[in-house]
Amino acid sequence: MKYLDEDALQTLQGRVFGPEETFSFRCHPGVTCFNRCCHNLNLFLYPYDVLRLRQALAIPSDQFIDGYVDVVLRPGHFFPEVLLRMADGAGQPCIFLSAEGCRVYGDRPHTCRLFPMEQGARLDATSGRSEPMHIFRPPDFCQGPAEDRVWTVDAYVRDQGAEAYYPLTLAWAELHRRFVENPWGAEGPSGAKGRMAFMAAYNLDQFRDFVFQSSFLKRYKVAGALVRRLRSDDHALLQFGFEWIKVFVWGMRSQQIKPKK
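Reference entry: report on the structure contained in this document. Since this is a predicted model, take the numbers as computed values, not measurements.

**Points about the overall build of the protein**
Within the protein one finds 11 helices and 12 strands. In terms of its C-alpha atoms, the protein occupies a principal-axis envelope of roughly 65 × 45 × 35 Å. Relative to its full complement of 261 residues, the protein shows a buried share of 43%. Expressed as a percentage of contacts within the protein between residues at least 6 apart in sequence, the contacts between residues at least 24 apart total 70%.

**Side note on the pairing of strand 5 (residues 81–84)**
Across a regular strand the side chains alternate sides, sitting on one face of the sheet and then on the other. Covered by surrounding structure in strand 5 are Glu81 and Leu83 together with Val82 and Leu84, the residues of both alternating faces. Relative to strand 5, strand 4 (residues 69–72) runs antiparallel, the two sharing four bridges. Paired with Val71 across the two strands is Val82, which belongs to strand 5.

**Observations concerning the pattern of salt bridges**
Summed over the entire model, instances satisfying the criterion amount to 11 salt bridges. Taking the shortest distance from any N to any O, the salt bridge between Arg15 and Glu21 comes out at 3.2 Å. Assessed through its relative accessible area of 48%, Arg15 is described here as partly exposed. Linking Glu81 and Arg74 is a salt bridge whose minimum nitrogen-to-oxygen distance equals 3.0 Å. The class of Glu81 is buried, set by a relative accessible area of 10%. A relative accessible area of 36% means that Arg74 is categorised as partly exposed.

Calculation rules
- The residue numbers shown here count from 1 along each chain, following its written sequence.
- Since the coordinates come from a predicted model, pLDDT governs what is reported: local features require at least 70, and pairs of side-chain atoms require 80 or more to be given and counted, while whole-chain, interface and lining totals use all residues.
- Remark: hydrogens and water are excluded; side-chain values derive from all non-hydrogen atoms of the structure.
- Helix and strand definitions here come from DSSP, where helices need a minimum of 4 consecutive H or I residues and strands a minimum of 2 consecutive E residues; each element is numbered from the N-terminal end.
- Whether a residue is buried, partly exposed or exposed follows from its accessible area with a 1.4 Å probe, protein chains only, as a fraction of its type maximum: under 20%, in between, or over 50%, in that order.
- Two residues qualify as a contact provided that any one of their heavy atoms is within 4.5 Å of a heavy atom in the partner residue.
- For two strands to be treated as a pair, DSSP must find at least two bridges joining them.
- Counted as salt bridges are all cases of a side-chain nitrogen of Lys or Arg within 4 Å of a carboxyl oxygen of Asp or Glu.

Set out below in structure tokens:
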């Protein structure tokens, strides 16, 4: 998810589409480039991507993070990025790519669903508000745009099942944008506070343990109905994790998480 101001939009490569503008695209085994886009990727995973993939594989969060991703901190950034790991072999294929195609296709990441588009947000520097946008940017090798299937952005998003990803992906993008400045002080993002925030976003099993096995619920007031949902509903827990990051990192007021007096 890219946030773009007016200056960045002027130098943007690719075509920005409105929701009802049309484009041609179809990917299928008959195109010569089939699965080529699944190699040698810098594929950033959002927290909801990790939630879905971990559920699809039926493994704990720790196991997914250890076995399927690389966690990197780029210079000048103040929150780690989570990248899907590529497999060894010719062309560095995606770790989920098999001879039959994607092994996790039903739970593939948001970025994969939107290909050959990318989702971004037009940022109004004056108001601070953002407006979702879609950028059509197929790689040079892609033959899909030469096919005769015509889409609007909205129709393509629905067809690819990307709508379910939007709420939490957009929520994370808004939250992640706050990390353009260093909130950690001298300890940096690798300190205790940074590790806590990463856990709340990406390691839901550990975060659930923190909520229910630490003194958290003794120190904070959380509605009983929500507490019950958090025990088993990963979607609700991830939303709660985003809310906790706002409270914990920036001291923002929350209607869901209130200190007990």
